[in-house]
Amino acid sequence: MSKQKYTAAQRAENCVLDLEAAVYQAAMKPRGTLGGICETFGLTYNTAVLQVNPKRTCHTLSPLLIEQVLSATQSSLIMDAVCRAHGNAGWFLLPDENNQCDEMVDIALLGQKFADLNSTSLDAYADKVIEPDEYASMQKDGYALISHIQTILKNAERNMERNNDR
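If you're wondering where the values come from, they're calculated on a predicted model, not measured in any experiment.

Q: Could you clarify how one ought to interpret the overall build of the protein in this entry?
A: The helix and strand inventory of the protein stands at eight helices and zero strands. Put simply, the protein runs from its N terminus to its C terminus through helices and strands in the order α-α-α-α-α-α-α-α. Considering only C-alpha atoms, the protein reaches an extent of 60 × 50 × 25 Å along its principal axes. Within the span of the protein, comprising 166 residues, buried residues form 33% of the whole. With an accessible surface of roughly 10,700 Å², the protein has 54% of that area assigned to carbon and sulfur atoms.

Following this line, the structure appears as structure tokens:
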């Protein structure tokens, strides 16, 4: 896989992005998302387009707009980018309290997430040189694994509390 450069679309799908690129991808893909955000929060569309475009320097991306895009899209791209910027943080979605999903399915999915990280890592190390896109792919798979572990633990905690009332 080394020496292969990702396109912007491949990078968004396979890698952890920087915050500006993550906000852009969340706000602009799928088409029309930013228009809905502007309508919901009463923003001027043209200004918002200029703010989220990482190639434009005439407007800066405000923390409020990042928050509004995240609120509207619930984008994992933005959350991954924030964790990447911190360097030693992770995130996970709390499971729905009404969801009584099968714990065995969660554990099977955990194995799949580990296999994804393992495969990505082996591909990256194949030529003994880690390229930036390869590292970003490893980060994305690693964050997904950590997130799923936290979800399993939270589900187990809720199960324990539900079944061990005293």
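Next comes the rest of the write-up.
Q: Explain the side chain of Ser-147 to me, please; I cannot follow it from the model alone.
A: Mapped onto the fold, Ser-147 is located in helix H8 (residues 132-163). Among residues more than four places away in sequence, those in contact with Ser-147 are Trp-91, Phe-92 and Leu-93.

Q: Sorry, what's going on with helix H5 (residues 63-73) here?
A: One turn of an α-helix holds 3.6 residues; hence residues three or four places apart share an orientation. If you check which residues of H5 are buried, you get Leu-65, Ile-66, Gln-68 and Val-69. An end-on view of H5 places all buried positions within 165° of arc, on one side of the element. For H5, the exposed residues set more than 90 degrees away from the buried face come down to Pro-63, Leu-64 and Glu-67. Residues of H5 that are buried in the fold lie against helix H2 (19-28), helix H3 (33-41), helix H4 (45-52) and helix H6 (76-86). One or two steps after H5, the chain reaches Gln-74, where phi turns positive at roughly 55°.

Q: Before we go on, may I ask you to explain the packing of H2 against H6 in this structure?
A: When two helices pack together, their arrangement is given by the angle between their axes and by how far apart the axes lie. Between H2 and H6, the least distance of the axes is 8 Å, while the angle of their chain directions is 175°. Accordingly, the angle class assigned to the pair H2 and H6 is roughly antiparallel. Two secondary-structure elements touch here, H2 through Leu-19, Ala-22, Val-23, Gln-25 and Ala-26 and H6 through Leu-77, Ile-78, Ala-81 and Val-82. Of the residues belonging to the contact of H2 with H6, the class tally is eight nonpolar, one polar and no charged.

Q: Looking at this structure, how should I read unusual backbone geometry?
A: Glycine aside, a negative phi is what most residues show, and trans is what most peptide bonds show. In this structure, the amide linkage connecting Lys-29 to the following residue, Pro-30, adopts the cis form with an omega of 0°. Position of Pro-30 among the secondary structure elements: in the loop between H2 and H3.

Reading guide: rules and limits
- Residues numbered from 1 in each chain as written.
- Predicted model: local features only at pLDDT ≥ 70, side-chain atom pairs only at ≥ 80, totals over all residues.
- Heavy atoms only, no water.
- Helix = DSSP H or I, 4+ residues; strand = E, 2+ residues; numbered from the N terminus.
- Buried < 20%, exposed > 50% of the residue type's maximum accessible area, 1.4 Å probe, protein only.
- Areas by Shrake-Rupley, 256 points an atom, 1.4 Å probe, with all protein chains shown as cover.
- Contact = heavy atoms within 4.5 Å.
- Arc of directions from axis to C-beta.
- Axes fitted to C-alpha atoms, helices over the stretch in contact; angles between N-to-C directions.
- Parallel < 35°, antiparallel > 145°, perpendicular 65-115°, else oblique.
- Nonpolar A, V, L, I, M, F, W, Y, C, P; charged D, E, K, R; others polar.

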